[in-house]
Amino acid sequence: MNQIIAFLSKIGAMLHPWMSEIATALVACTIVIFATDINRALRRSLSGSGFIIRTSAFVLVNAFGYGLAIVSVSPWLASQLRGMPSQWMLLVVIGVFIGIGAWAQRNRQV
């Protein structure tokens, strides 16, 4: 068991220099998965509005909203992941990417 933990710790420690990129990828993948539902809800809520309002809301949400989420959540997520022990951080990162992939597959977004 100690050998497995040592192996996971070693591999997890190798990911630390790329933690910002990993966090950005996690946030971006999550946004891509949920963007369809968010845009659908936005379209429904603004269905009676004029073209300018619908277009402005779409641009604000997609360009600025998602961009702001990536820029603000990624550093926080990276710091949370850095604070974890290496073996757990590796398992969490792998698990979250598998979870995002499974969610996308289940919802036929792949």
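Remember, it's a predicted structure, so these values are computed and weren't measured experimentally. (Residues numbered from 1 in each chain as written. Predicted model: local features only at pLDDT ≥ 70, side-chain atom pairs only at ≥ 80, totals over all residues. Heavy atoms only, no water.)

So, the overall build of the protein chain
Okay, step 1: Looking only at helices and strands, one finds 4 helices and 0 strands in the protein chain.
Okay, step 2: Across the protein chain, helices and strands are ordered from the amino to the carboxyl terminus as α-α-α-α.
Okay, step 3: Taking 110 residues into account, the globule formula puts the C-alpha radius of gyration at 13 Å, and the protein chain, at 18 Å, lies well above it.
Okay, step 4: Judged by the C-alpha coordinates and their principal axes, the protein chain covers about 65 × 30 × 15 Å. (Helix = DSSP H or I, 4+ residues; strand = E, 2+ residues; numbered from the N terminus. Rg over C-alpha atoms; globule rule 2.2 N^0.38 Å.)

Digging into the packing of aromatic side chains
Okay, step 1: Under the counting rule described, the total for this entry stands at 1 aromatic pair.
Okay, step 2: Residues Phe-34 and Trp-103 carry aromatic rings whose centres are separated by 5.5 Å and whose planes lie at 50° to one another, so their mutual orientation is tilted. Here Phe-34 is found in helix 2 (residues 19-45), whereas its partner Trp-103 is found in helix 4 (residues 86-106), with 69 residues between them in sequence.
Okay, step 3: With a relative accessible area of 32%, Trp-103 lands in the partly exposed category. (Phe/Tyr/Trp six-rings, centres within 6.5 Å; stacked < 30°, edge-to-face > 60°. Buried < 20%, exposed > 50% of the residue type's maximum accessible area, 1.4 Å probe, protein only.)

A word on the packing of helix 1 (residues 2-15) against helix 4
Okay, step 1: Where helix 1 contacts helix 4, the two axes come as close as 7 Å, and the packing angle between them is 70°. Classified by the angle their axes make, helix 1 and helix 4 are roughly perpendicular. Facing helix 1, whose interface residues are Ile-5, Leu-8, Ser-9, Ile-11, Gly-12, Ala-13 and Leu-15, helix 4 presents Ser-86, Gln-87, Met-89, Leu-90 and Leu-91.
Okay, step 2: Of the residues in the contact of helix 1 with helix 4, the class split is 8 nonpolar, 4 polar and no charged. (Axes fitted to C-alpha atoms, helices over the stretch in contact; angles between N-to-C directions. Parallel < 35°, antiparallel > 145°, perpendicular 65-115°, else oblique. Contact = heavy atoms within 4.5 Å. Nonpolar A, V, L, I, M, F, W, Y, C, P; charged D, E, K, R; others polar.)

Focus: the pattern of salt bridges
Okay, step 1: Using the criterion set out here, one finds 1 salt bridge in the structure.
Okay, step 2: Across the pair Asp-37 and Arg-40 runs a salt bridge, and its minimum N-O distance is 3.1 Å. Of the two residues, Asp-37 and Arg-40 are both situated in helix 2; the distance of 3 residues between them amounts to about one turn of the helix.
Okay, step 3: Classification of Arg-40 as partly exposed rests on a relative accessible area of 34%. (Salt bridge = Lys/Arg side-chain N within 4 Å of Asp/Glu carboxyl O.)

Describing the nonpolar core
Okay, step 1: Of all hydrophobic cores here, the largest spans 16 residues; its most connected members are Met-19, Leu-26, Leu-77, Leu-81, Met-89 and Val-93.
Okay, step 2: Elements with a minimum of two residues in this core: helix 2, helix 3 (51-82) and helix 4.
Okay, step 3: The biggest single contributor to this core is helix 2, with 8 residues.
Okay, step 4: The contact partners of Leu-81, leaving out residues within four places of it in the chain, are Met-19, Leu-26, Met-89, Val-92 and Val-93. (Core = buried A, V, L, I, M, F, W, Y, C linked by side-chain atoms within 4.5 Å.)

A closer look at the packing of helix 2 against helix 4
Okay, step 1: Here helix 2 crosses helix 4 at 20°, and the two axes come no closer than 10 Å. As summarised for this structure, helix 2 and helix 4 are arranged roughly parallel, according to the angle between their axes. Helix 4 is crossed by helix 2, and the crossing has left-handed handedness. Packed against helix 2, whose contacting residues are Met-19, Ile-22, Ala-25, Leu-26, Cys-29, Thr-30, Ile-33 and Phe-34, the element helix 4 presents Met-89, Val-93, Val-96, Phe-97, Ile-100, Trp-103 and Ala-104 at the interface.
Okay, step 2: When grouped by side-chain class, the residues that make up the contact of helix 2 with helix 4 number 14 nonpolar, 1 polar and no charged. (Left-handed = near helix turned anticlockwise from the far one by under 90°.)

Nothing here speaks to function; it is all geometry.
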